[in-house]
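What follows is the residue order along each chain.
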Amino acid sequence: MSDHAPEPPPGATKAIAVSTGLRRWLFRPPRRHGEVDTDRSVSFLELFYDLVYVVLVGQAAHTLAADLTWRGTATFAVLFGLIWIAWLNGTLFYELHGREDGHTRTLIFVQMLLLALMAVYVGHADGDDGRTLAVLYAMLLALLSYQWYSVYRLDPPELRATPRRYLMVMIGGIVLIAASVPLSAGVRIIVWAVFIVAWCGVQYAVSISWRRTPSYGVVTDAMVERFGLLIIIVLGEVVIGVVDGLADTERSILVTTTGLLGLAIGFGFWWNYADLVSRRMPRETGRSLATWIFTHLPMTMAVAAAGAGMVGLVEHAADHRTPVAVSWLMGGSVAAMLVTLVVLLPTLADYDRFSSAYRPVQAALVLAAGAALLAAWARPAPWLLALILLLLLVVTWAFAFVRWLREGSLINERPAG
C-alpha cells in the first residue's frame, strides 16, 4: 500500500479550512463598479427586503387615508419620498455590488431592522414620533453610506469620481436629517422635503454625468424586475384601501360595487404599467436611465396615494357627490400615473424602433390624464367617479394594444434587442 494520499480527480475542488471559508463568507468585499452580474435573477433575500417596505408604505398610506387634507397629503408625499430613497439605495447597492454571502446578508438584515423600527413611527411622523424617525433614518443613511464607501475604497482611481459625488450627497443628507431632530414637527417636515428634492436633484445630475459616456453596462433584467416589484408593493395598498373601506362601512350593493370599481382601478394601473413599461429595458446613456429611475418616485407615490383614497371613496359611496379631497386625490393619482408613463416611454431602449406605436400612445395618455382631472373637478358620485377613472385606464391600454397589433407584435411581448 502506498504511503501517499491519492491525487484528487481532475476538476475536483480543492478543500479549504472551515475557518478560511467562514472568513471569506463573512468578510468578502462587495463587487466593484463595473463588476455587474448581468445573468443574475432576483433573490429571495431581495424579496424579503421588499416586504419591509410593504409595511412602511402601508403605514404612510393609512395615515393619509385618515387625514385627507393638504397637510396630510404633503406629509404623505414627504414620508413616501424618504421611503423611496431608502429603497432605491438598498436596491441599487445590492444590484451593482451585493453578493450571495454572509457579509451582504448581514448588512441587509441590519437595514431591515432599522426599517422595521421606522415603520413604528411613520404613522405619527408629523408629531413627536418624527424625532425618533429622523434619528433612525439618519442611522439608515449612515449604514448605506458605509456600504457605498466600502465599494469606493476598492474602485480604481478612474472610476472613483461618481461614487465620491454620491457619497458627498449622502453625507450631506445625514447631516440635514440629523439637524431636523430637535426642530418642531412642521419645520421638520419642511427640512425633510428639502432633503428629498435636493437629494433627488443632485443624484439625478450625478447619474446623468455617470452615464454620459458609460464604460460598462448596469441595466439588467433583475434591476428592471425590482422596479416592477415596487409597483406591485404599492398596488397592494389599493387592495388594502378597498378592503378597509368595505370593512368600516355598512355594506350594500352600491358600497360593494364602488369598492370593486376602485379595485379595478388598481388592475388598470397594473395593466398599463405591465404592458407599456415592465420588462422593457431602459437606455444606458444620457438622461434616459436617470429619468427612468427617478420617474418611478412620482409614479409609485401616485399609486400608493390612490390606495389611501380608496378608503374615502368606499366610505362615501352613498353620497351624491364625491367629497372634494377624495375626488382630487383619486383623479390626481390616476392623472399622475398616466403622465409618468408618458415620461417613461422615451427612456426605453426600443422607443425609437417603435416610435410609430409609442408616440400616439403618449398622446392618448396625456388626453386621459386631462380627462381624469376634469372628472376630479366635476366630483360625480363615488361609483361614477371610479367608473370614469377605470374606463380611462381601460381605453388607454386598449389604444396601446391596438397600436401594437398594427406593429405586428403583442404589447406584452418585449421586442428583441
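Residues numbered from 1 in each chain as written. Predicted model: local features only at pLDDT ≥ 70, side-chain atom pairs only at ≥ 80, totals over all residues. Heavy atoms only, no water.

Now for unusual backbone geometry. With the exception of glycine, most residues fall at negative phi, and the peptide bonds are largely trans. With a phi close to 70°, Arg-279 is a non-glycine residue in the positive phi region. Even without a glycine there, the phi angle at Arg-379 is positive, about 50°. By the secondary structure assignment, Arg-379 is in the loop between helix H12 (355–378) and helix H13 (382–406). (Helix = DSSP H or I, 4+ residues; strand = E, 2+ residues; numbered from the N terminus.)

On the surface, Val-324, Trp-328, Leu-373, Leu-374 and Trp-377 cluster together to form a nonpolar patch covering roughly 550 Å² of accessible area. Those elements that provide at least two residues to the nonpolar patch are helix H11 (324–344) and H12. Looking at which element gives the most residues to the nonpolar patch, the answer is H12, with 3 residues. Within the secondary structure, Val-324 sits in helix H11. The class of Val-324 is partly exposed, set by a relative accessible area of 45%. (Patch = residues over 30% accessible without salt bridge, like charges linked within 9 Å, V, L, I, M, F, W, Y side chains within 5 Å. Areas by Shrake-Rupley, 256 points an atom, 1.4 Å probe, with all protein chains shown as cover. Salt bridge = Lys/Arg side-chain N within 4 Å of Asp/Glu carboxyl O. Buried < 20%, exposed > 50% of the residue type's maximum accessible area, 1.4 Å probe, protein only.)

Bringing the packing of aromatic side chains into the picture now. Given two aromatic rings, one states the distance between the centres and the angle between the planes to describe the pair. Inspection of every chain in the model, using the stated rule, returns 17 aromatic pairs. Judged by centre distance (5.2 Å) and plane angle (90°), the ring pair of Phe-93 and Trp-148 falls under edge-to-face. Highlighted residues: Phe-93 in helix H3 (residues 70–97) and Trp-148 in helix H5 (residues 129–152), separated in sequence by 55 residues. Taking the centre distance of 6.0 Å and the plane angle of 75° together, the rings of Tyr-204 and Phe-294 count as edge-to-face. Here Tyr-204, found in helix H7 (residues 185–212), pairs with Phe-294, found in helix H10 (residues 288–315); they are 90 residues apart in sequence, far enough to count as distant. (Phe/Tyr/Trp six-rings, centres within 6.5 Å; stacked < 30°, edge-to-face > 60°.)

Next up on the list: the environment of Gly-228. When you line up the elements, Gly-228 lands in helix H8 (residues 221–247). Once the C-alpha coordinates of Gly-228 and Ala-178 are considered, the two residues, 50 residues apart in sequence, prove to be 32 Å apart.

With that out of the way, let us pick up the side chain of Ser-43. By the element assignment, Ser-43 lies in the loop between helix H1 (18–27) and helix H2 (44–66). A distance of 3.2 Å separates polar atoms of two side chains, one belonging to Ser-43 and the other to Tyr-94. (Polar contact = N/O pair within 3.5 Å; in protein donor to acceptor, adjacent residues only side chain to side chain.)

Turning our eyes to something else, we now look at H12. If you check H12, its first and last C-alpha atoms are 35 Å apart, about what 24 residues at 1.5 Å a residue would give, namely 34 Å. Ser-355, Ala-357, Tyr-358, Val-361, Gln-362, Ala-364, Leu-365, Ala-368, Ala-369, Ala-372, Ala-375 and Ala-376 are the residues of H12 that are buried. In this structure, the buried residues of H12 make contact with helix H9 (253–276), H11 and H13. Of the residues one or two after H12, Arg-379 is the one with positive phi, at around 50°. (Expected span 1.5 Å × (residues − 1). Contact = heavy atoms within 4.5 Å.)

Further remarks concern the packing of H9 against H11. H11 packs onto H9 with a crossing angle of 5° between their chain directions and a minimal axis gap of 11 Å. Comparing the axis directions of H9 and H11 gives the class roughly parallel. Taking contact as the criterion, the partners of Ile-265, Phe-269, Asn-272, Tyr-273 and Leu-276 in H9 are, on H11, Met-330, Val-334, Met-337 and Leu-341. Partitioned by chemical class, the residues of the contact of H9 with H11 number 8 nonpolar, 1 polar and no charged. (Axes fitted to C-alpha atoms, helices over the stretch in contact; angles between N-to-C directions. Parallel < 35°, antiparallel > 145°, perpendicular 65-115°, else oblique. Nonpolar A, V, L, I, M, F, W, Y, C, P; charged D, E, K, R; others polar.)

One way to put it is that H2 packs onto H8 with a least axis distance of 9 Å and a crossing angle of 35°. Every pair of crossing elements has a handedness; the one defined by H2 and H8 is right-handed. Together, Glu-46, Leu-47, Tyr-49, Asp-50, Tyr-53, Val-54, Val-57, Gly-58 and Ala-61 of H2 and Arg-226, Leu-229, Ile-233, Val-234 and Glu-237 of H8 make up the contact between the two elements. Per-class residue counts for the contact of H2 with H8 are 9 nonpolar, 1 polar and 4 charged. (Left-handed = near helix turned anticlockwise from the far one by under 90°.)

As a further point, take empty space enclosed by the protein. Counted by the stated rule, this structure contains 5 cavities of 30 Å³ or more. By volume, the largest cavity is sized at about 290 Å³. Around the largest cavity, the lining comprises 17 residues; the ones closest to its centre are Leu-92, Leu-96, Tyr-166, Ser-207 and Trp-210. Elements represented by at least two residues in the lining of the largest cavity include exactly H3, helix H6 (161–179), H7 and H10. Per-element tally for the lining of the largest cavity: the top contributor is H7, with 4 residues. (1 Å grid on protein atoms, 1.4 Å probe; cavity = no way out; pocket = protein on both sides within 12 Å on 5 of 7 lines; lining within 4 Å. Points joined across faces, edges and corners; volume = space filled by probe spheres on them.)

For the rest of this paragraph, the subject is the layout of surface pockets. Of the volumes computed, that of the largest pocket is approximately 450 Å³. Along its surface, the largest pocket is lined by 18 residues, and Trp-70, Thr-73, Ala-325, Trp-328 and Leu-329 are the ones closest to its centre. Looking at the lining of the largest pocket, the elements that each hand over two or more residues are H3, H10 and H11. The leading source of residues in the lining of the largest pocket is H11, at 7 residues.

Note that His-320 resides in the loop between H10 and H11. Separated by 164 residues in sequence, His-320 and Pro-156 have C-alpha atoms that sit 66 Å apart. Setting aside its immediate chain neighbours within four residues, His-320 contacts Pro-380 and Ala-381.

Inspection of every chain in the model, using the stated rule, returns 6 salt bridges. Among the salt bridges present, the one from Arg-226 reaches Glu-46, with a minimum N-O distance of 2.6 Å. Of the two residues, Arg-226 sits in helix H8 while Glu-46 sits in helix H2, which places them 180 residues apart along the sequence. Take Arg-226 and Glu-46: they sit in the same class, and that class is buried. Between Asp-350 and Arg-280 there is a salt bridge, with its nearest N and O atoms 3.1 Å apart. With Asp-350 in the loop between H11 and H12 and Arg-280 in the loop between H9 and H10, this pair connects stretches of sequence that are 70 residues apart. Here the salt bridges do not stand alone but share partners, grouping Arg-40, Glu-46, Asp-50, Glu-95 and Arg-226 into one network.

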